[in-house]
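Take a look at the letters that make up each chain.
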Amino acid sequence: MPPSTMTVTTALPDDNDSKNTTKSRVAKGTEMDTAPLPEFKEHDFFWTYTEEPHRTRRMAIIKAHPEVTKLCGPEPLTKYVVLAVVSLQVLCAYLLRDTPFLSWRFFLTAYIIGATANQNLFLAIHEISHNLAFKSASANRAIAIVANLPIGIPYSASFRPYHLTHHKSLGVDGLDTDLPTAAEALFLDSILGKSFFCTFQILFYALRPTFIYAVPFTSIHFTNIFAQVFFDFVLVKACGWHALWYLILSSFLAGSLHPCAGHFIAEHYVFDPPSPTAKDPMTNTPIPETFSYYGVLNFLTYNVGLHNEHHDFPAIPWTRLHKLNEIANEFYCDLPRCESWVGVIWRFILDDKVGMRCRVKRKEGGRKVGGWKETEVEA
C-alpha cells in the first residue's frame, strides 16, 4: 500500500477546555460548538449539519488581517498566459496535421504537451469564471471562450454557473455537481471502478451536472458554441482532421491519468478523516473538506492547488494566493494538505478504504436550484 499523501493536523477537544487560554479566531456569531457532529457511517458519504467552513475562515482572516482584501481583483497577466497557451496548442495541432493518430509521436505530444496545456486552459476558465482576468464581465466571458478553443468542445459558458454554485453550495446534495452521485458511489466503489473513474473523470465532470439540474441557456452559451464550431471547422479545413483529434485527445488526457488531473481528487476527497469531534483550532469549525497542495505543479495550473485559499477568497487571483497564505499563514499552516497529486491518484485507486464516498455532504444550505437568473449567468 502506498504511503498516505495527506497530512492531517487537527485539534481535539480538551477535557480542561474551560481552563484553556487559547482562543479561536472566529468572527462574532460564527461559533459552531453546538452544531451537530458529522456522521461517519461505513459505506456512506460523510454527512454534516454545519455550514461550509470557508465563510467562517474568511471572516476570521479579514478580522485578523484586513489588508488581505487588497489582494482581490483581476490579474492582467492571465489574458497573456491564455493567449500563449492557445497559440502553443494551435501550433502543435498544425505540426501534427500529417502525423498518424496511432503513433507514439502523436500520443506523447498529446500527453506531455497537449494534456498539460489543456489542463492549464481548463483552469484558466476556472479562474476567469470568477471575473479575475478583466474588470468587465463581458471581457471575462470573451477570454473564457478564447481559452476554450483548443479544448475542442464548447463548455466555458456552462462551467461558470455550475462552478459558482459549487462555491456557494459546497457539499450540498443536489446542488454541488462536484460531488459524486449515489449511482457513481454504488457502481464505482472498487479498484476497477475507481480506475475507470480516474481514466474517464473528465467525462464525469462534463456530464454529471446535466443530470443534476439545468442552468438557463443564454446568449453566452450560443456564442461559446458558435465560436467553437467555427474554430473547429476552420482548423479542419486548414490542417485536416488530425489537428482536431489532437486537441480533443489532449482534453481527454488532461482529465485522465495525468499528473495535473490529480487536483480533481485532491481538492475535496477526505482520505484520512479525523475524529468526528476534531475542530480547526483557528476557527473552531469541524472536519476539513478542502485540501491544499503546495507543490511544483501549481506553476502549470494557476495555483489551483492552493484550494483552501481559493475557496476562502474566490476574488483573489492565482498570482496572489501565495501572498494570502503568507499573510494569514497561522490559519493555513496546520490544515490538512495534499503532498502529491500523483500520489493522490495512486492511493485513490488502490486504497480500499478510500473511494467515491469519501466526500463531505450536507442536506441543505447554499444557493437553491433555480436561483440562477439569466442575467447572473451572463454577469
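Residues numbered from 1 in each chain as written. Predicted model: local features only at pLDDT ≥ 70, side-chain atom pairs only at ≥ 80, totals over all residues. Heavy atoms only, no water.

Caption draft 1: Molecular detail of the overall build of the chain. Counting its secondary structure elements, the chain contains 16 helices and 5 strands. Counting all 379 residues of the chain, 53% fall into the buried class. Within the chain, contacts between residues at least 6 apart in sequence are counted, and of these 79% link residues at least 24 apart. Total accessible area on the chain is roughly 17,400 Å²; 64% of this is exposed by carbon and sulfur atoms. (Helix = DSSP H or I, 4+ residues; strand = E, 2+ residues; numbered from the N terminus. Buried < 20%, exposed > 50% of the residue type's maximum accessible area, 1.4 Å probe, protein only. Contact = heavy atoms within 4.5 Å. Areas by Shrake-Rupley, 256 points an atom, 1.4 Å probe, with all protein chains shown as cover.)

Caption draft 2: Region of interest: unusual backbone geometry. In the Ramachandran plot, Tyr 302 falls in the positive-phi region, its phi being about 55 degrees despite a non-glycine side chain. The topology assignment puts Tyr 302 in the loop between β3 (292-293) and α12 (307-312). Take Tyr 302: its relative accessible area is 4%, and that puts it in the buried class. The phi angle at Asn 303 is positive, at roughly 55 degrees, despite the residue not being glycine. Locating Asn 303 in the fold gives a position in the loop between β3 and α12.

Caption draft 3: Representation of the pattern of salt bridges. Overall, the coordinates contain 12 salt bridges when judged by the stated rule. Here Asp 173 makes a salt bridge to Lys 361, at a shortest N to O gap of 3.1 Å. One end of the pair, Asp 173, is in the loop between α5 (156-168) and α6 (182-187); the other, Lys 361, is in strand β5 (residues 360-362), and 188 residues separate them in sequence. Judged by its relative accessible area of 4%, Lys 361 falls in the buried class. Here Lys 323 ties to Glu 326 by a salt bridge, and the two come within 3.6 Å at their closest N and O atoms. Note that Lys 323 and Glu 326 are positioned in helix α13 (residues 321-327) at a spacing of 3 residues, about one turn of the helix. Lys 323 gets classed as partly exposed once you look at its relative accessible area, which sits at 39%. When salt bridges with common partners are traced through the structure, they connect Asp 272, Arg 347 and Asp 351 into a single cluster. (Salt bridge = Lys/Arg side-chain N within 4 Å of Asp/Glu carboxyl O.)

Caption draft 4: Inspection of helix α3 (residues 104-128) at higher detail. Its 25 residues give α3 an end-to-end C-alpha distance of 34 Å, which sits within 8% of 36 Å, the value for a rise of 1.5 Å per residue. A large share of α3 lies buried, amounting to 18 of its 25 residues. (Expected span 1.5 Å × (residues − 1).)

Caption draft 5: Molecular detail of the layout of surface pockets. Taken as a whole, the largest pocket holds about 1,000 Å³ of empty space. In terms of lining residues, the largest pocket is bounded by 38 residues, among which Tyr 155, Phe 159, Ile 202, Tyr 205 and Ala 206 are the most central. At the level of secondary structure, the elements contributing two or more residues to the lining of the largest pocket comprise α3, α5, α8 (201-212), α9 (219-239), α10 (241-254) and α11 (262-266). Within the lining of the largest pocket, the residues separate by chemical class into 23 nonpolar, 12 polar and 3 charged. (1 Å grid on protein atoms, 1.4 Å probe; cavity = no way out; pocket = protein on both sides within 12 Å on 5 of 7 lines; lining within 4 Å. Points joined across faces, edges and corners; volume = space filled by probe spheres on them. Nonpolar A, V, L, I, M, F, W, Y, C, P; charged D, E, K, R; others polar.)

Nothing here speaks to function; it is geometry throughout.
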